[in-house]
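Each chain is listed here by its residues.
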Amino acid sequence: MGASRSNRAALPLQVAAVCYRRRNSHAEFLLVNTNSGAKWTFPKGMPEAAMSHSQAAEREAHEEAGASGIIEPRHFHIYLHSKGVFWQEGGVQEYVVKAFLMEVKQTRRPEETFRNPTWFDPEETRVILAKGREVKYARELQTVIDRALEHIGAARVAAAR
């Protein structure tokens, strides 16, 4: 028979801050360079036992993007992410990432200066997140943008009531 759910090896968990700001009638997203500088990503990292997952995501936004603002306490999406490449030692490691929306109110120079935090409109964000990634992971990130825009739009409608 099949292996029970508890016997399967779970993928490691990361948390991401999907940082955005409102510009007139649209949103922009704040992305950072990966450690290698070859790709763009959301500020993300490993959760800590002493923090909630949203607090850990907020910490990553602060460290990697120099961003502060209002982070939602509950994740709005979960996606699959990879690090590494199959032809190098260690290969590819997949992660499950909990994504938290964070409306950025202020930015400053990030602690991790090589991250180069940059704002992009939604279409630019979809394109730049896909560069250098396998189709599977590019689609995962594009879905994050779509879901974020849905949530931001729903929040805007609720605020207008």
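Residue positions are given per chain, counting from 1 as you read along its sequence in written order. Predicted model: local features are reported for residues with pLDDT of at least 70 only, side-chain atom pairs are reported and counted for 80 or more only, and whole-chain, interface and lining totals are derived from all residues. No hydrogens and no water enter the side-chain calculation; it runs on all heavy atoms of the structure.

(A) Molecular detail of the overall build of the protein chain. A count of helical and extended segments in the protein chain gives three helices and eight strands. Starting at the N terminus and walking to the C terminus, you meet the elements of the protein chain as β-β-β-β-α-β-β-β-β-α-α. By definition, residues are in contact when any of their heavy atoms lie within 4.5 Å. Pairs at least 24 apart in sequence give 70% of the contacts found in the protein chain among residues at least 6 apart. In these tables, accessible area is a Shrake-Rupley quantity obtained with a 1.4 Å probe, and a residue counts as shielded only by the protein chains included in the view. As displayed, the protein chain has an accessible area near 9,300 Å², and 51% of this comes from carbon and sulfur atoms. Only runs of H or I of at least four residues qualify as helices and only runs of E of at least two qualify as strands under DSSP, and these elements are numbered from the N terminus.

(B) Structural view of the pattern of salt bridges. Any carboxyl oxygen of Asp or Glu within 4 Å of a side-chain nitrogen of Lys or Arg constitutes a salt bridge here. For the structure shown, the criterion picks out 14 salt bridges. For Lys 105, the salt bridge is made with Glu 103, and the minimal N-O distance between the two is 3.6 Å. For the exposure calls, accessible area comes from a 1.4 Å probe over protein chains only, and a residue counts as buried if that area is under 20% of its type's maximum, exposed if over 50%, partly exposed in between. Glu 103 gets classed as buried once you look at its relative accessible area, which sits at 16%. Arg 108 is paired through a salt bridge with Glu 111; the nearest N and O atoms lie 3.8 Å apart. Relative accessible area serves as the criterion here: at 52%, Glu 111 is assigned to the exposed category. The structure contains a network of salt bridges with shared partners spanning Glu 48, Arg 59, Glu 60 and Glu 63.

(C) Quick look at the side chain of His 81. Its location among the elements puts His 81 in strand β6 (residues 77-83). Beyond its immediate sequence surroundings of up to four residues, His 81 is in contact with Gln 14, Lys 44, Gln 93, Glu 94, Tyr 95, Val 97, Arg 133 and Tyr 137.

(D) Broad picture of the packing of aromatic side chains. Classification of ring pairs rests on two measures: the distance between centres of Phe, Tyr or Trp rings, Trp counted by its six-membered ring, which must be within 6.5 Å, and the angle between planes, read as stacked under 30 degrees, edge-to-face over 60 and tilted in between. The tally for this structure, following the rule as stated, stands at one aromatic pair. Measuring from ring centre to ring centre gives 5.3 Å for Trp 40 and Phe 120, while their planes differ by 80°; the resulting arrangement is edge-to-face. You can see Trp 40 sitting in strand β3 (residues 40-41) and its partner Phe 120 sitting in strand β8 (residues 118-120), a full 80 residues away along the chain. The exposure class assigned to Phe 120 is buried, which follows from its relative accessible area of 11%. In this arrangement the basic side chain of Lys 83 is found over the ring face of Tyr 95, its NZ or CZ atom lying 5.4 Å from the centre. Only when the NZ of Lys or the CZ of Arg is both within 6 Å of the ring centre and within 35 degrees of the ring normal is a charge said to sit over the ring.

(E) Representation of the side chain of Lys 98. Tracing the backbone through its elements, the reader meets Lys 98 in strand β7 (residues 93-107). For the purpose of charge, His is not counted, nor are the chain termini; Lys and Arg are scored as positive and Asp and Glu as negative. Lacking a salt bridge, the buried Lys 98 has Glu 72 as its closest oppositely charged neighbour, with an N-O distance of 13 Å. A polar contact of 2.9 Å, which involves the side chain of Lys 98, links it to the side chain of His 53. If near-sequence neighbours (up to four positions away) are discounted, Lys 98 is found in contact with Leu 13, Gln 14, Val 15, Ala 16, His 53, His 75, His 77 and Ile 78. Polar contacts, as used here, are pairs of N or O atoms within 3.5 Å; protein pairs need one atom able to donate a hydrogen and one able to accept it. Residues neighboring in sequence count only if both atoms are side-chain atoms.

(F) View of helix α2 (residues 122-130). Those residues of α2 that sit buried are Pro 122, Thr 125, Arg 126, Ile 128 and Leu 129. N-capping of α2 is provided by Asp 121, with a side-chain oxygen placed 3.0 Å from the backbone N of Glu 123. After α2 finishes, the residue Gly 132 shows a positive phi value of roughly 80°.

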